[in-house]
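Each chain, written out:
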Amino acid sequence: MTRVGAFLFWKTMSTEPPFSPNVSEAPITGAGLVLGLRKVSVLIPGIVVFAVAFGAAASAKGLSFLETMLMSAFVYAGVAQLVAMELWRPEWTWGAIAGLAVVTATVNARMVLQGASLQPWFAKYPKALNAFHLFFFTDANWLIGTRYRAEGGRDLGVLVGAGLVLWVVWAIATGGGYMLGALVSDPRRYGIDLVMPIFFAAMIVPLWRGRRGMVPWVVAGLVALITARLVDGYAFIIVGSLAGALTGAFRDDAA
């Protein structure tokens, strides 16, 4: 982060008058940071196990400790990192690199839709601050932020706090996984892979808005399932998301 970015971030956290007329309507506080930490704490055990699995896989694939830590710290892509390890090769060609890029881009494409859904919230803040916290943006942040906003919350500190905690935990656990080797190379063996789906299901229930809102959810799920059966890889993530988003948009226009 640049010094200018750090200065802008400090200004938003201070008690001085905001430098944007809209920021006064969208605070960021220490209490919000703590609340974000609390909301995401239930996920930490599952994140630790997945990070350990990534570290172990990276070690098995021949990456150095430094390379592994740099990937977790700067790529910070969770599932996409695990997918990359599945496709990792001892020798690379341009075709293999392009294939890996396409697969990981497909897996992460959902972040475009998730960020767009919260854009009205982000728009009230300076670009430097948004660039900072979006680096730590994850599925968990998005779900926590979506529910928090639906309940009337407006403190961006919730999103920032959750993201920072997950990033630190992911990086530290990656190092531990690299040193532990293949001890927890398969989270499914311990049922830890169910932590994230259960968490998402529990968080999504309060977002239910009646039968009318059910249609986009059903469309997204069915399209994702069909795509997963017909197309190898992770295209079902973005195809299902787009199908649900378009269905919701058309229904809103027709209303």
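For the structure itself, look to the data block above.
Since this is a predicted model, take the numbers as computed values, not measurements. (Residues numbered from 1 in each chain as written. Predicted model: local features only at pLDDT ≥ 70, side-chain atom pairs only at ≥ 80, totals over all residues. Heavy atoms only, no water.)

1. A closer look at the overall build of the protein chain
Link 1 in the chain: A count of helical and extended segments in the protein chain gives 14 helices and zero strands.
Link 2 in the chain: Beginning at the N terminus, the succession of helices and strands in the protein chain can be written as α-α-α-α-α-α-α-α-α-α-α-α-α-α.
Link 3 in the chain: Counting the 255 residues in the protein chain, one finds 41% classified as buried.
Link 4 in the chain: A total of about 14,200 Å² of accessible surface is found on the protein chain, and carbon and sulfur atoms cover 68% of it. (Helix = DSSP H or I, 4+ residues; strand = E, 2+ residues; numbered from the N terminus. Buried < 20%, exposed > 50% of the residue type's maximum accessible area, 1.4 Å probe, protein only. Areas by Shrake-Rupley, 256 points an atom, 1.4 Å probe, with all protein chains shown as cover.)

2. Things to note about the environment of Trp142
Link 1 in the chain: Note that Trp142 resides in helix 10 (residues 139-150).
Link 2 in the chain: Classification of Trp142 by relative accessible area gives partly exposed; the value is 22%.
Link 3 in the chain: Sequence separation between Trp142 and Leu118 is 24 residues; the distance between their C-alpha atoms is 8.0 Å.
Link 4 in the chain: The contact partners of Trp142, leaving out residues within four places of it in the chain, are Gln114, Ser117, Leu118 and Phe137.
Link 5 in the chain: Only 3.4 Å separates the side chain of Trp142 from the backbone oxygen of Gln114, close enough to count as a polar contact. (Contact = heavy atoms within 4.5 Å. Polar contact = N/O pair within 3.5 Å; in protein donor to acceptor, adjacent residues only side chain to side chain.)

3. Looking at the packing of helix 3 (residues 44-60) against helix 11 (residues 157-180)
Link 1 in the chain: Here helix 3 crosses helix 11 at 45°, and the two axes come no closer than 6 Å. With respect to their mutual orientation, helix 3 and helix 11 come out oblique. Relative to helix 11, helix 3 is oriented so that their crossing is right-handed. For the pair formed by helix 3 and helix 11, the contact residues are Ile44, Ile47, Val48, Phe50, Ala51, Val52, Phe54, Gly55, Ala56, Ala58 and Ser59 on the first element and Val165, Leu166, Val169, Trp170, Ala173, Thr174, Gly177, Tyr178 and Leu180 on the second.
Link 2 in the chain: Class assignment of the residues belonging to the contact of helix 3 with helix 11 gives a composition of 16 nonpolar, four polar and no charged. (Axes fitted to C-alpha atoms, helices over the stretch in contact; angles between N-to-C directions. Parallel < 35°, antiparallel > 145°, perpendicular 65-115°, else oblique. Left-handed = near helix turned anticlockwise from the far one by under 90°. Nonpolar A, V, L, I, M, F, W, Y, C, P; charged D, E, K, R; others polar.)

4. Description of the packing of helix 10 against helix 11
Link 1 in the chain: Look at helix 10 against helix 11: their axes get within 9 Å of each other, and the N-to-C directions meet at 160°. Comparing the axis directions of helix 10 and helix 11 gives the class roughly antiparallel. As helix 10 packs across helix 11, the resulting crossing turns out to be right-handed. Each of Ala140, Asn141, Ile144, Gly145 and Tyr148 in helix 10 lies in contact with helix 11, whose residues at this interface are Val158, Leu159, Ala162, Gly163 and Leu166.
Link 2 in the chain: Partitioned by chemical class, the residues of the contact of helix 10 with helix 11 number seven nonpolar, three polar and no charged.

5. Quick look at the packing of aromatic side chains
Link 1 in the chain: Counted according to the given criterion, the structure contains nine aromatic pairs.
Link 2 in the chain: Consider the rings of Trp88 and Trp92, whose centres lie 5.1 Å apart with planes at 80°: the pair is edge-to-face.
Link 3 in the chain: Trp88 gets classed as partly exposed once you look at its relative accessible area, which sits at 23%.
Link 4 in the chain: Judged by relative accessible area, Trp92 falls into the partly exposed class, the value being 30%.
Link 5 in the chain: Ring geometry for Phe135 against Phe136: centres 5.1 Å apart, planes inclined by 90°, an arrangement best described as edge-to-face.
Link 6 in the chain: Residue classification places Phe136 among the buried positions, given a relative accessible area of 8%.
Link 7 in the chain: An aromatic cluster is defined as three or more aromatic residues linked by ring pairs; in this entry it consists of Trp121, Phe122, Phe137 and Tyr148. (Phe/Tyr/Trp six-rings, centres within 6.5 Å; stacked < 30°, edge-to-face > 60°.)

6. Details of the side chain of His133
Link 1 in the chain: Within the fold, His133 resides in helix 9 (residues 127-134).
Link 2 in the chain: Within the structure, His133 has its side chain in polar contact with the side chain of Asn130 (distance 2.9 Å).
Link 3 in the chain: Setting aside residues no more than four positions away along its own chain, His133 makes contact with Phe122, Leu156, Leu159 and Val160.

7. Details of unusual backbone geometry
Link 1 in the chain: Unusually for a residue other than glycine, Tyr76 sits at a positive phi of about 45°.
Link 2 in the chain: Take Tyr76: it is sitting in the loop between helix 4 (65-75) and helix 5 (79-87).

8. A few points about helix 5
Turn by turn, an α-helix covers 3.6 residues, leaving residues three or four places apart pointing in a common direction.
Link 1 in the chain: Residues Ala80, Gln81, Leu82, Val83, Ala84 and Met85 constitute the buried set of helix 5.
Link 2 in the chain: Packing partners of the buried residues in helix 5 comprise helix 3, helix 4, helix 6 (94-108) and helix 11.

9. Focus: a nonpolar patch on the surface
Link 1 in the chain: Where nonpolar side chains cluster on the molecular surface, the patch consists of Met214, Trp217, Val218, Leu222, Leu225, Ile226, Leu230 and Val231 and spans about 780 Å² of accessible area.
Link 2 in the chain: By secondary structure assignment, the location of Ile226 is in helix 13 (residues 214-230).
Link 3 in the chain: Since its relative accessible area comes to 51%, Ile226 is described here as exposed. (Patch = residues over 30% accessible without salt bridge, like charges linked within 9 Å, V, L, I, M, F, W, Y side chains within 5 Å. Salt bridge = Lys/Arg side-chain N within 4 Å of Asp/Glu carboxyl O.)

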